[in-house]
Amino acid sequence: MTHLLETAAHPRALRRVAIEPLTRVEGHGKVTLLLDEQNRVHQARLHIVEFRGFEKFIQGRPYWEVPVLVQRLCGICPVSHHLAAGKAVDMLVGARTLTPTAEKVRRLMHQGQMLQSHALHFFHLASPDLLFGFDSEPARRNIVGVIAEHPELALQGVKLRKYGQEVIKAIAGKRIHGTACIPGGMNKALSEAERDVLRRDIGQMVAWSQGAVALCRRVLDASPHAPIFGVFPSNFMSLIRADGALDFYDGGLRAKDAQGNLIFDHVDYTHYNRHIHEEVKSWSYMKFPFIISLGDADGWYRVGPLARMNTADFLDTPLAEEARRAFRAAANDGMQHATLAYHWARLIEMLHAAEGIERLLDDPDITGTDLVAKGERALEGVGVIEAPRGTLFHHYKVDENDVVVRANLIVSTTNNNQAMNEAVRTVAASYLDGQKLTEGLLNHIEVAVRAFDPCLSCATHALGRMPLQVELVDAAGQVIDRMVKGADGVFAEGRDAP
Amino acid sequence: MSPDIRKTFHLDGVEIPFREGQTVFDAAMAAGIYIPHLCHNPDFEPHSSCRLCTVIVNGRPFASCTQPAVAGQDVKSDTPELNDMRRSLTEMLLVEGNHYCPACEKSGNCRLQATAYALGVQYNHYPQFFPHRDVDASHPEIILDRDRCILCGLCVRISRRVDRKNVFAMTGRGITTTIVIDSPSGLLVDSRVSRDDEAVQHCPVGALMMKGEAFKVPIGERRYDTSPISEDSVAKFQAREVRLHG
């Protein structure tokens, strides 16, 4: 299923357009396009330009540091890395089953993370495109524009995110980069006072999440782009509970093909590397995972909200399940392949997380005191969870002295690498091919990448203020045109633009 | 002179009483005045190697942890010059090792970190050394991370004088100085150290730690979460004074 536009036959004769950095995504990346003199697209690539090296520099560290250390991969979803590493470390101490309190507190923390991350993405990063149009005035197409024209909606977004962060803080001590997981369990549960504070506002969060799902559907129904923008077939993968329900925290691996047929199901995730391999390409720091049985050309897949809505048999909270049924009905109960459907799926998950938090806050185990389980020591551990952006793998080997000797992480955005490239190529071919490039057209490419909510470095983003530079370079390497957006949002055009 | 006559000296203009034989540091802390320090633990003999507790006594610098209190002397401690020096010393300690507080299990309980906060260290003026010293995780219950060691010598002194084992020693000179273990292999597992040794209980940083304890105390309940080191040290010192001297 690999697109023809991955590598041009004669790149030297083509001119290069770079969208660098991509804006309103987490971290730093760029898109390059190679065009001929008629502006026909011959090559389109999403490049990840950062190199982190976590897998290397945790070698030599004691395993109990790992959940706290690796969460620094990300400033948006550190809880995901903390929990995935925590699950792997549980295996190292033989704690295959946690105490009910420890598992429920972890799940609560994870739901808080899902709520805050999805709210951040939709309201702060994606809604400007959806509310104002992909090629609307750039000065308006940002969170400040949303605040100015839809203040109630913007406030809901801020408060939903804040609530999710407060859930995390109550458990981990800090909104970002706290400590919670310890080998075999948790270092605290909720106190009754903390639980009661969170209970006070959860009803409002559920209601706002429900409203956001409805809003997103209305916007997509009214959008001329929705049925055609970035639509391409792919495989999908996620964790799935034993009964087929969506489960963000635990379960077996399920993969479906573009028609919805099972590729594998309920696979023990500790054996993930019997089913998934990673390919390296010379032009990106990010690997390209694929399903081994399908091969590297056809085995790539999508993960994240869209994948989870396509793989799950049902959601176990009533309002979100009702929304999921409507989502699947819109695709005639088949697989939903539209890139923009990621937004709709993401908000259904936000609602599911809010309902999940409400349920867990009513569970007496959430304030329990039995926090740590133990078992027989092991030298290898694998932890997999569904992070906001998709399936997240952490795999560690340690020696007899408790020191990490090998680590392998496949983060959610890595799983989506080929799919994001595919989205870029599909949009480039259908919207940019043969057209005179404008800022609005180039934003179509960013909209496609943004739909995946990629976490490119995981740690940095400068909301609405990231500068953008696009250069048009001829076959000889001469800059023939240049467009620059400054940190103040002002555009300058021409070869000598600052 | 009658022993009943109350002896005092002046510290930053405040009259500080002291007992015969007390150091400037002990008298100040007993009076509720914090003097930053790292290598000194009041429960053990002072060493005066970190120089953070340096004060100006009658115009000359001395380490307050070993400087005897003398009636009538004029001592300066909380001055911009001395605090600048303490900040610089602390920053140098931070760059000489690999002190990655975000992932360190000692964070929140670490005297180096808490002292840096107390002194207002916001960033390092000096380039990081990024040393690569061996981690000794060979012992089933104890781990030694030399990259976090600030060479305060507490483990060396306590092992020698309290535990009577001489498990730890320092070797090398200057920047190459490091902790070594007295065992045939040079590893902790082959030494006489045990988890009950006093020497492994008092490391001020995350160099010498007990395995299996990491991150068990939640954020908000760690030692320096509840009170800054200036208040915590004084309170503990005063409680010790009451315990020992009534």
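Residues numbered from 1 in each chain as written. Chains lettered and ligands numbered in written order. Predicted model: local features only at pLDDT ≥ 70, side-chain atom pairs only at ≥ 80, totals over all residues.

J.: Can you lay out the pairing of strand β7 (residues 252–256) of chain A for me, pointing to particular residues and giving the numbers?
T.: Residue and element names in this part refer to chain A. Counting buried residues along β7, 4 of its 5 residues qualify, which places the element largely inside the surrounding structure. In terms of strand pairing, strand β6 (residues 235–240) meets β7 through 5 bridges, oriented antiparallel. Of the residues in β7, the one forming a bridge with Met 237 is Ala 255. Bridging between β7 and strand β8 (residues 262–267) involves 3 bridges; their strand directions are antiparallel. Across the sheet, Ala 255 pairs through a bridge with Phe 264, a residue of β8. (Buried ≥ 20, exposed ≤ 12 C-beta atoms within 10 Å, placed from the backbone. Helix = DSSP H or I, 4+ residues; strand = E, 2+ residues; numbered from the N terminus. Pairing = 2+ DSSP bridges.)

J.: Please give an account of the interface of chain B and chain A that cites residues and values.
T.: Interface size, as often reported, equals the accessible area lost upon joining of the parts. Listed by partner, the interface residues are 15 residues for chain B and 19 residues for chain A. Split by residue class, the side of chain B that touches chain A holds 10 nonpolar, 2 polar and 3 charged. (Contact = placed C-beta atoms within 7 Å. Nonpolar A, V, L, I, M, F, W, Y, C, P; charged D, E, K, R; others polar.)

J.: A description of the confidence of the model for chain A should follow, citing residues and the corresponding values.
T.: For any part of a model where pLDDT is low, the fine detail of the predicted coordinates should not be relied upon. On average, residues of chain A carry a pLDDT of 89, and 89% of them reach 70 or more. Scored below 50 in pLDDT, residues 457–467 of chain A makes 28 contacts in the model with residues more than four places away or belonging to other chains. (pLDDT = per-residue confidence, 0-100.)

J.: Describe in detail the domain arrangement of chain A, supporting the description with residues and values.
T.: All names here are of chain A. You can read the domains of chain A as domain 1 (4–49 + 419–493) and domain 2 (232–337). Contact residues are listed per partner, giving 8 residues for domain 1 and 9 residues for domain 2. Residue assignment for the side of domain 1 that touches domain 2 shows that the elements contributing at least two residues are β3 (41–48) and α13 (417–432). Here the side of domain 1 that touches domain 2 is composed, by residue class, of 4 nonpolar, 2 polar and 2 charged. (Domains from an automatic or database assignment.)

J.: Could you give an account of the sheet that holds strand β13 (residues 390–398) of chain A, naming the residues involved and the relevant values?
T.: Residues and elements named next belong to chain A. Across the sheet, 3 strands lie side by side as β12-β13-β14; this open sheet has antiparallel pairing. The open sheet is flanked by β12 (380–387) and β14 (404–410), the only strands paired with a single partner. On average, adjacent strands in this sheet sit at an angle of 10° to one another, irrespective of strand direction. Summarising the sheet, β13 and β14 pair through 6 bridges and their orientation is antiparallel. Its bridge partner lying in β14, Val 398 is registered against Val 404. (Axes fitted to C-alpha atoms, helices over the stretch in contact; angles between N-to-C directions.)

J.: I'd love a proper account of unusual backbone geometry, names of residues and values included.
T.: Leaving glycine aside, a negative phi is the common case for residues, and trans is the common case for peptide bonds. Residue and element names in this part refer to chain B. For Asp 12, which is not glycine, the phi dihedral falls at a positive 50°. Mapped onto the fold, Asp 12 is located in the loop between β1 (7–11) and β2 (14–18). Accessibility expressed as a C-beta count within 10 Å gives 14 for Asp 12, which makes it partly exposed. Phi at Ser 48 is positive, roughly 50°, even though this residue is not glycine.

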